[in-house]
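One-letter residues, chain by chain:
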Amino acid sequence: MTALQKRWNILKFKRLESTNTTALEWLKRNPNLNHSVIVAQSQEKGRGQRGTHWQDSEGKSLLMTLVIQPSQRKVEDRFTLSMIFSLAIHRALQDFSISSEIKWPNDVIMNRKKVGGILIETGIRGNFISHALFGLGLNLQNQPFEIPYASSVEKESGKLITVDDFLENLEFAFKALQHKTFEELKPIYLNHLIGYNATETFESQGLTFDGSIVDLEETGEIWIKKNSGEKLRYSFKEVKFIY
């Protein structure tokens, strides 16, 4: 057993329907899975934000779900948990001297290409979060992609990283961030967010416009100031980036 496996209970599989789905099924049977990590070489039905399907080639990507059962996180901390995981991934890559950015709410971007996506699902008990499933699909190695804006860490950085080495960095980064508050994380998150105080093109209700992200709410909603001067607040499904 490695030092990492003593801190995180890592369970590896060749193929799963979805690491998040497997984690949720196991939680129903075993309520004590805190700090367990489910890793698959391939997924049949990997899921992303907005109901998208996560594409992967067997053995080329890190496909994982980290199960956390926080004791003091309230329902309103759901986006804070998303920020923690996004920033932990950013730091884990940074420890390999690899630069990355976050595309709101939590895509992993390198050189304007998407190399990873996050899906976080939470369970609620009363006013508190009973569990959080941190799902990550991270393209570590070169592989064929069906969409032009997808890429891999290897292609964009020239560095080949193993799953175990990345998980080691991720564990240290997550541990350093996991108890931070929204207010502590907000300036760090914004500093690595594409479009913060920088003009990007967005689409909302079928219309495109140029503007910049100027603020972030604890709920995860963003404020965008259009180049016209108008300032509007958007939730996850109300606006998207146009590359």
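Residues numbered from 1 in each chain as written. Predicted model: local features only at pLDDT ≥ 70, side-chain atom pairs only at ≥ 80, totals over all residues. Heavy atoms only, no water.

## Notes on the overall build of the protein chain
In step 1: Across its full length, the protein chain carries six helices and 12 strands.
In step 2: Computed over the C-alpha atoms, the radius of gyration of the protein chain is 18 Å, within 12% of the 18 Å expected from 2.2 N^0.38 for a compact globule of 243 residues.
In step 3: For the C-alpha atoms alone, the extent of the protein chain along its principal axes is close to 55 × 45 × 30 Å.
In step 4: Counting all 243 residues of the protein chain, 49% fall into the buried class.
In step 5: Considering only contacts within the protein chain whose residues lie at least 6 apart along the sequence, 65% involve residues at least 24 apart.
In step 6: A total accessible area of about 12100 Å² is found for the protein chain, and carbon and sulfur atoms account for 47% of it.
In step 7: Charge separation in the protein chain, taken as the distance between the mean sites of 31 positive and 29 negative side-chain charges, equals 2 Å. (Helix = DSSP H or I, 4+ residues; strand = E, 2+ residues; numbered from the N terminus. Rg over C-alpha atoms; globule rule 2.2 N^0.38 Å. Buried < 20%, exposed > 50% of the residue type's maximum accessible area, 1.4 Å probe, protein only. Contact = heavy atoms within 4.5 Å. Areas by Shrake-Rupley, 256 points an atom, 1.4 Å probe, with all protein chains shown as cover. Lys, Arg positive; Asp, Glu negative; His and termini not counted. Charge placed at Lys NZ, Arg CZ, Asp CG, Glu CD.)

## What about the sheet that holds strand β12 (residues 240–242)?
Strands pair in a sheet through their backbones, by hydrogen bonds, and they do so in one of two ways: parallel or antiparallel.
In step 1: Overall, antiparallel pairing links the five strands, which are arranged β11-β10-β9-β8-β12 in an open sheet. The open sheet has two edge strands with one neighbour each: β11 (231–234) and β12. Strand-to-strand twist across the sheet, computed as the mean angle between neighbouring axes with direction ignored, equals 50°.
In step 2: As judged from the five bridges shared by strand β9 (residues 207–216) and strand β10 (residues 222–226), these two strands associate in the antiparallel manner. Counted as the bridge partner of isoleucine 213 is isoleucine 224 from β10. (Pairing = 2+ DSSP bridges. Axes fitted to C-alpha atoms, helices over the stretch in contact; angles between N-to-C directions.)

## Brief notes about the sheet that holds strand β2 (residues 36–43)
In step 1: Across the sheet, which stays open at both edges, the seven strands sit in the order β1-β2-β3-β7-β6-β5-β4 with mixed pairing between neighbours. Of all the strands in the sheet, just β1 (9–16) and β4 (101–103) have a single pairing partner and so form its edges. Averaged over all neighbouring strand pairs, the angle between strand axes comes to 25°, with direction disregarded.
In step 2: In this sheet, strand β5 (residues 107–110) lies alongside β4 in antiparallel orientation, the contact comprising three bridges. Each residue of the ladder has a partner; that of lysine 103, found in β5, is aspartate 107.

## Some details on the pairing of β11
In step 1: Judged from the four bridges that link them, β10 and β11 form a sheet pairing that is antiparallel. Along β11, the bridge assignment pairs isoleucine 224 with leucine 232.
In step 2: Hairpin connection of β10 to β11: four residues between the antiparallel strands, including glycine 229 at a positive phi of 105°.

## Points about the side chain of serine 61
In step 1: On the secondary structure map, serine 61 appears in strand β3 (residues 61–68).
In step 2: At a separation of 2.9 Å, a polar atom in the side chain of serine 61 contacts the side chain of asparagine 139.
In step 3: Looking at serine 61, its side chain comes within polar contact range of the side chain of glutamine 143, at 3.0 Å. (Polar contact = N/O pair within 3.5 Å; in protein donor to acceptor, adjacent residues only side chain to side chain.)

## Quick word on helix α3 (residues 78–94)
In step 1: Across its 17 residues, α3 extends 25 Å between first and last C-alpha, which sits within 8% of the 24 Å expected from 1.5 Å per residue.
In step 2: Burial analysis of α3 places 14 of its 17 residues in the buried class, the great majority of the element. (Expected span 1.5 Å × (residues − 1).)

## Digging into the pattern of salt bridges
In step 1: Under the defined criterion, the tally for this structure stands at nine salt bridges.
In step 2: Of the charged contacts in the structure, one is a salt bridge between lysine 186 and aspartate 215, with a shortest N-O distance of 2.8 Å. Highlighted residues: lysine 186 in helix α6 (residues 182–191) and aspartate 215 in strand β9, separated in sequence by 29 residues.
In step 3: Residue classification places lysine 186 among the buried positions, given a relative accessible area of 17%.
In step 4: Between arginine 233 and glutamate 221 there is a salt bridge, with its nearest N and O atoms 2.6 Å apart. With arginine 233 in strand β11 and glutamate 221 in the loop between β9 and β10, this residue pair connects regions lying 12 residues apart in the sequence.
In step 5: Looking at arginine 233, the relative accessible area reads 38%, which means it is partly exposed. (Salt bridge = Lys/Arg side-chain N within 4 Å of Asp/Glu carboxyl O.)

## Some remarks on the packing of α3 against α6
In step 1: One way to put it is that α3 packs onto α6 with a least axis distance of 10 Å and a crossing angle of 45°. On the basis of their axis angle, the class for α3 and α6 is oblique. Note that α3 runs across α6; the crossing there is left-handed. For the pair formed by α3 and α6, the contact residues are Phe79, Thr80, Met83, Ile84, Ser86, Leu87 and Arg91 on the first element and Phe182, Leu185, Lys186, Ile188 and Tyr189 on the second.
In step 2: Here the residues of the contact of α3 with α6 sort into eight nonpolar, two polar and two charged. (Parallel < 35°, antiparallel > 145°, perpendicular 65-115°, else oblique. Left-handed = near helix turned anticlockwise from the far one by under 90°. Nonpolar A, V, L, I, M, F, W, Y, C, P; charged D, E, K, R; others polar.)

Geometry only, nothing functional implied.
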